[in-house]
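Examination of the molecular architecture
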Amino acid sequence: MKQSRSGIVASEWEQLFDSINDWVCIINIDSEIIYSNRVGAEHCGLPVTELIGQKCCGFVHGIGKTHEQCPVPKMLASGKRASAEIKTRDDRWMLISVDPIYDDMGKIIKAVHILRDITTSINIQLETEQLIIELQRAREKVATLSGLLPICSICKKIRDDKGYWNQLEEYMKIHANVNFSHGICPDCMKEHYSNLGLKRSIGT
């Protein structure tokens, strides 16, 4: 049984590979899979043997060519690890990282290709960003209605930032998303409609 320099036999390396929860595979410089752990087989729904020789982009993105955000070209150009967060064909988010493997002459001949499912964290991030936007909008509304509000002491119109006078109802509808329903309070009922014999307020 062949041993590595660390003393670990090949079967043990395979066991270690398969114990990793991320999809780890070895690819050549053409992005063809040379080896894959069991997670890759589970992800694709195929035996590991059927993944060999196939391009990883086909399984991850459902395309026969390199994805425009694929980190492999960047890794080949820089000679260092490259990563990218990419949405897959089944609407999951993956953190894809590739690390170069060199031969004895210092030439990149293969790469370790790692996919980690980050869908949950991305969704939390997107929800947080949306919440921040909503809070910012609410803050802007509060700021709009804070401070001194110029209002006519006779007709009760409100002067806006552009110097125009607006009906109170219209101003509040625009700046505070408030709609008014109109009625007659008891005092006004008594003062203006006492001759009608009405004893309660009227509202719409």
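Structure shown above.
In this text, all values refer to a predicted model and were calculated from it rather than measured experimentally.

About the thresholds
Residues numbered from 1 in each chain as written. Predicted model: local features only at pLDDT ≥ 70, side-chain atom pairs only at ≥ 80, totals over all residues. Heavy atoms only, no water. Pairing = 2+ DSSP bridges. Helix = DSSP H or I, 4+ residues; strand = E, 2+ residues; numbered from the N terminus. Axes fitted to C-alpha atoms, helices over the stretch in contact; angles between N-to-C directions. Buried < 20%, exposed > 50% of the residue type's maximum accessible area, 1.4 Å probe, protein only. Contact = heavy atoms within 4.5 Å. Patch = residues over 30% accessible without salt bridge, like charges linked within 9 Å, V, L, I, M, F, W, Y side chains within 5 Å. Areas by Shrake-Rupley, 256 points an atom, 1.4 Å probe, with all protein chains shown as cover. Salt bridge = Lys/Arg side-chain N within 4 Å of Asp/Glu carboxyl O. Core = buried A, V, L, I, M, F, W, Y, C linked by side-chain atoms within 4.5 Å.

Section: the sheet that holds strand β4 (residues 93-102)
Strands sit in the order β2-β1-β5-β4-β3 across an open sheet of five strands; the sheet is antiparallel. Looking at the sheet topology across the chains shown, the edges are occupied by β2 (33-36) and β3 (82-87). Strand-to-strand, the axes of this sheet are offset by a mean angle of 25°, without reference to chain direction. The pairing of β4 with strand β5 (residues 108-117) spans nine bridges and is classified as antiparallel. Residue pairing for β5: P100 is matched across the bridge by A111.

Brief notes about the pairing of β2
Pairing of strand β1 (residues 23-28) with β2 involves three bridges; the strand directions are antiparallel. Bridge assignment links I27 to a residue of β2, and that residue is I33. Connecting β1 to the next strand, β2, in antiparallel fashion are four residues, including S31 with a positive phi near 65°.

Considerations on the side chain of T88
By the secondary structure assignment, T88 is in the loop between β3 and β4. By relative accessible area, T88 is classed as buried at 5%. Not counting chain neighbours up to four residues away, the residues in contact with T88 comprise V60, H61 and M94.

A few points about a nonpolar patch on the surface
On the surface, a cluster of nonpolar side chains totalling about 300 Å² of accessible area is made up of I151, L168, V178 and F180. Judged by relative accessible area, which is 41%, F180 ranks as partly exposed.

Re the nonpolar core
By size, the foremost hydrophobic cluster in this structure holds 21 residues, and its most contacted members are W23, I27, I33, V72, M75, I96 and L115. For this core, the secondary structure elements donating two or more residues are β1, α4 (56-60), α5 (72-78), β3, β4 and β5. The contacts of M75, once residues within four sequence positions are left out, are K80, A82, V98, P100, I108 and A111.

Keep in mind that these numbers describe shape and distance, not what the molecule does.
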